Amino acid sequence: DAGVIQSPRHEVTEMGQEVTLRCKPISGHNSLFWYRQTMMRGLELLIYFNNNVPIDDSGMPEDRFSAKMPNASFSTLKIQPSEPRDSAVYFCASSASGGAGPEQFFGPGTRLTVL
Amino acid sequence: AQSVTQLDSQVPVFEEAPVELRCNYSSSVSVYLFWYVQYPNQGLQLLLKYLSGSTLVKGINGFEAEFNKSQTSFHLRKPSVHISDTAEYFCAVRGGGADGLTFGKGTHLIIQP
């Protein structure tokens, strides 16, 4: 079975450019999470969706960040404009509700470098 | 609000020796507890989880953890480590419902030959 799929795996861009990160959750999972990992702050939750609806976006750092989930099999995280301090590894995770348990399955991450 | 404290940022241990990675949490509600492992340049892989029931939970790769409610701890142990266990280990907590995970800062396990 395919796990969580993220693209691109690596992204290098210049300050001021728009960046779009993509995620395909595990089929059948109804919750999707975006996390950011940095040396300074560790792993932190940015936003999560339940049944394609954003539930909690309190972790989104600024208005420059936005996330969408147009359907159950696709989500995007967009940064516009990007800044060097946005450099981090961005993880997407998904989980199923009910008897399948609350554990989250993580994708391989997108390593973003903003120059 | 929930928080997770991993007391050791780095733990060196000799190969085939036992190891314990410490994790303490704080939460005002009942929680689920997890340990994830991250190998270099990879995503996070679930090692084990505590949802309810028996306080001793066993996971993959010979790891186990014990939930202690009175001490709000969820320490990870392995009786004999292998060089391949070198990685970053994260303790995480999740409240009831579809909440995100709150992670500790991680513990870097270093296996010395």
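For the structure, check the block above.
Here is a short report on the structure shown in this document. Nothing here was measured: the structure is a model prediction, and the numbers come from that model.

### Overview of the nonpolar core
In terms of nonpolar packing, the biggest core is built from 29 residues, with W35(B), L48(B), F74(B), L76(B) and Y89(B) touching the most fellow members. Elements that contribute at least two residues to this core include exactly β2 (10-14), β3 (19-21), β5 (31-38), β6 (44-50), β8 (64-68), β9 (73-78), β10 (87-95) and β12 (107-112) of chain B. Leaving out residues up to four positions away in the same chain, F74(B) has contacts with C23(B), L33(B), F34(B), W35(B), L48(B), K49(B), Y50(B), V57(B), A65(B), E66(B), F67(B) and C91(B). Grouped together as the second largest cluster of nonpolar side chains are 21 residues, F65(A), A88(A), L112(A) and V114(A) included.

### Side note on the interface of chain B and chain A
On the side of chain A, 21 residues touch chain B, which itself brings 19 residues to the contact. For the pair chain B and chain A, the two sides together bury roughly 1,500 Å², of which 55% comes from carbon and sulfur. Salt-bridge contacts for E103(A) lead to K49(B); the nearest nitrogen and oxygen are separated by 2.6 Å. Our count for the contact surface shared by chain B and chain A stands at six residue pairs in polar contact (both at pLDDT 80 or more). Mapped by element, the contributors of at least two residues to the side of chain B that touches chain A are β5, β6 and β10 of chain B. For the side of chain B that touches chain A, the element with the most residues is β5(B), which contributes four residues.

### Remarks on the packing of aromatic side chains
In the structure shown here, the tally under the stated rule is 13 aromatic pairs over all chains. Taking 6.3 Å as the distance between ring centres and 25 degrees as the angle between the ring planes, the aromatic pair formed by Y25(B) and F67(B) counts as stacked. Residue Y25(B) is located in strand β4 (residues 24-26), and its partner F67(B) is located in strand β8; the two are separated by 42 residues in the primary sequence. For Y25(B), a relative accessible area of 9% gives the class buried. Assessed through its relative accessible area of 11%, F67(B) is described here as buried. Every member of this aromatic cluster is reached through a ring pair, and the members are F33(A), Y35(A), Y48(A), F91(A), F106(A), F34(B), Y36(B), F90(B) and F103(B).

The rules behind each value
- Residues numbered from 1 in each chain as written.
- Chains lettered and ligands numbered in written order.
- Predicted model: local features only at pLDDT ≥ 70, side-chain atom pairs only at ≥ 80, totals over all residues.
- Heavy atoms only, no water.
- Core = buried A, V, L, I, M, F, W, Y, C linked by side-chain atoms within 4.5 Å.
- Buried < 20%, exposed > 50% of the residue type's maximum accessible area, 1.4 Å probe, protein only.
- Helix = DSSP H or I, 4+ residues; strand = E, 2+ residues; numbered from the N terminus.
- Contact = heavy atoms within 4.5 Å.
- Buried area = accessible area lost by both parts, 1.4 Å probe.
- Salt bridge = Lys/Arg side-chain N within 4 Å of Asp/Glu carboxyl O.
- Polar contact = N/O pair within 3.5 Å; in protein donor to acceptor, adjacent residues only side chain to side chain.
- Phe/Tyr/Trp six-rings, centres within 6.5 Å; stacked < 30°, edge-to-face > 60°.

Any link to function would need more than the numbers given here.
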